[in-house]
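So you can see what is in the structure, the chains are spelled out below.
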Amino acid sequence: MTDWLQGTIIERRQWTDDLFSLRFEAPLAEFKAGQFARIALDIDGERVGRPYSLVNAPHEPLLEIYFNVVKGGPLSPRLAALEPGDTLWLSNTANGFMILDEVPEARHLWLLATGTGIGPFLSILKTDEPWTRFERIVLGHSVQHASELAYRELIDSLHAAHDDQFQYLPLVTRETVPGALNQRIPASIASGELEAQAGIALTAETAHVMLCGNSAMITDVTEELAKREMHRHRRREPGHITTEKYH
Ligand SMILES: Cc1cc2nc3c(=O)[nH]c(=O)nc-3n(C[C@H](O)[C@H](O)[C@H](O)COP(=O)(O)OP(=O)(O)OC[C@H]3O[C@@H](n4cnc5c(N)ncnc54)[C@H](O)[C@@H]3O)c2cc1C
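Definitions and limits used
- Residues numbered from 1 in each chain as written.
- Predicted model: local features only at pLDDT ≥ 70, side-chain atom pairs only at ≥ 80, totals over all residues.
- Heavy atoms only, no water.
- Phe/Tyr/Trp six-rings, centres within 6.5 Å; stacked < 30°, edge-to-face > 60°.
- Helix = DSSP H or I, 4+ residues; strand = E, 2+ residues; numbered from the N terminus.
- Pairing = 2+ DSSP bridges.
- Axes fitted to C-alpha atoms, helices over the stretch in contact; angles between N-to-C directions.
- Contact = heavy atoms within 4.5 Å.
- Salt bridge = Lys/Arg side-chain N within 4 Å of Asp/Glu carboxyl O.
- Near = heavy atom within 4 Å.
- Polar contact = N/O pair within 3.5 Å; in protein donor to acceptor, adjacent residues only side chain to side chain.
- Areas by Shrake-Rupley, 256 points an atom, 1.4 Å probe, with all protein chains shown as cover.
- Domains from an automatic or database assignment.

1. Things to note about the packing of aromatic side chains
Per the stated rule, a full pass over the model turns up six aromatic pairs. Measuring from centroid to centroid gives 4.6 Å for Trp15 and Tyr151, while their planes differ by 40 degrees, and the two rings are tilted. On the criterion of sequence distance, the pair formed by Trp15 in the loop between strand S1 (4–14) and strand S2 (19–25) and Tyr151 in the loop between strand S8 (136–143) and helix H4 (152–162) is long-range, its members being 136 residues apart. Site record: aromatic cluster; members linked through ring pairs are Trp15, Tyr66 and Tyr151.

In structure tokens, the structure reads:
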């Protein structure tokens, strides 16, 4: 049984027709950057909850989620309709293994996301730990249209703070956009383009890869990395890949 806390919306941001973020206040227990909480609304007398990654870092006062509206989905369209002052429910703890505690030592950290899967990576990048642990950090964000490349201000500020240590690589699959790769993440790994843009090689000796978003990307990247002798990381069997599937 989930123990629910009430949260109050402080800020709603609409990024595109279908992409939204909500900032809200709630007394959530301590969590680790990269984890998710269950968010719920009472719909027709039933509490309907789904997991959402927290975009905020643990030290930040407001909680934040970033999500897309799934047409016909029970929860996401209703979350998108919330306004400041409205309330939602959230689980009193956050969970998940998309956290740096679960990442073994490596020189380079590759964070590869589709769509809203960038959320947990932003939470991690807002903390000090990745910047002290990894020589280089690559954030690859794959979207269909350039308008979906959200959180650019935050990413720019990470760049300003961490300069050569950080490489942001947008991938836009349905438009040609200057400065962005026009390929899916698996294809960009296969072609060598992602590494060329990052300026570092993606190898079993140097890299740990975190993947978040849709299952097709995660399956295809995992297969692609297997060709480089990279495999999933497990506590009992150290590896190179950590994943979280949203759908
Ligand atoms: C660990 C975890 C963390 C998650 N974190 C986030 C997050 O931070 N942001 C976010 O947007 N979503 C996230 N999700 C997905 C989220 O929990 C919901 O499934 C989604 O918001 C749709 O909710 P819904 O109730 O409207 O529809 P659902 O009943 O949940 O889903 C309806 C259908 O849409 C598919 N679907 C689910 N999510 C998506 C999506 N994003 N795009 C396209 N199709 C989808 C489902 O597979 C299902 O077939 C996460 C899922 C998991 C398992």
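Now that the structure has been shown, the text picks up again.
2. A look at the sheet that holds strand S9 (residues 166–172)
In sheet architecture, strand pairing relies on hydrogen bonds along the backbone and comes in two forms, parallel and antiparallel. Strand order in the open sheet made by the five strands is S9-S8-S7-S10-S11, with parallel pairing throughout. Strands with a single pairing partner mark the edges of an open sheet, and in this sheet they are S9 and strand S11 (241–245). Put simply, the sheet's adjacent strands are angled 10 degrees from each other on average, direction ignored. Here five bridges tie strand S10 (residues 207–213) to S11, and the two strands are oriented parallel to one another. Looking at S11, one finds that Val209 is bridged to Ile241. The sheet strands contacting helix H7 (residues 215–226) are strand S7 (108–114), S10 and S11, and the helix crosses S10 at an angle near 160 degrees.

3. Section: the pattern of salt bridges
Scanning the model with the defined rule gives 14 salt bridges in all. The partner of Arg47 in a salt bridge is Asp42, and the shortest N-O contact between them spans 2.7 Å. Residue Glu60 pairs with Lys126 through a salt bridge whose shortest N-O separation is 2.9 Å. In this pair, Glu60 is assigned in the loop between strand S4 (46–53) and strand S5 (63–68) and Lys126 in the loop between helix H2 (119–125) and helix H3 (129–133), connecting sequence segments 66 residues apart. The network of salt bridges with common partners includes Glu11, Arg23 and Glu64.

4. Some thoughts on the site of the ligand
Near the ligand you find 19 residues, and of these Arg50, Pro51, Tyr52, Asn68 and Ser76 are the closest. Take Tyr52: an N or O atom from its side chain is 2.5 Å from an oxygen atom of the ligand. Contacts to the ligand include His247, whose side-chain N or O atom sits 3.4 Å from a nitrogen atom. Here the ligand loses 73% of its free accessible area of 870 Å² to cover by the protein chains. Formed jointly, the shell around the ligand draws a minimum of three residues from each of two domains, domain 1 (4–91) and domain 2 (100–245).

5. Comments concerning the sheet that holds S2
Spatially, six strands are ordered S4-S3-S6-S1-S2-S5 in an open sheet, and the strand pairing comes out antiparallel. For this open sheet the edge positions go to S4 and S5, each flanked by a neighbour on one side alone. Direction aside, the axes of adjacent strands within the sheet are offset by 40 degrees on average.

6. What about the environment of Ser191?
If you trace the backbone, Ser191 turns up in the loop between helix H5 (185–190) and helix H6 (193–198). Residues Ser191 and Ala161, 30 residues apart in the sequence, show an inter-C-alpha distance of 30 Å. Within the structure, Ser191 has its side chain in polar contact with the backbone nitrogen of Glu193 (distance 3.2 Å).

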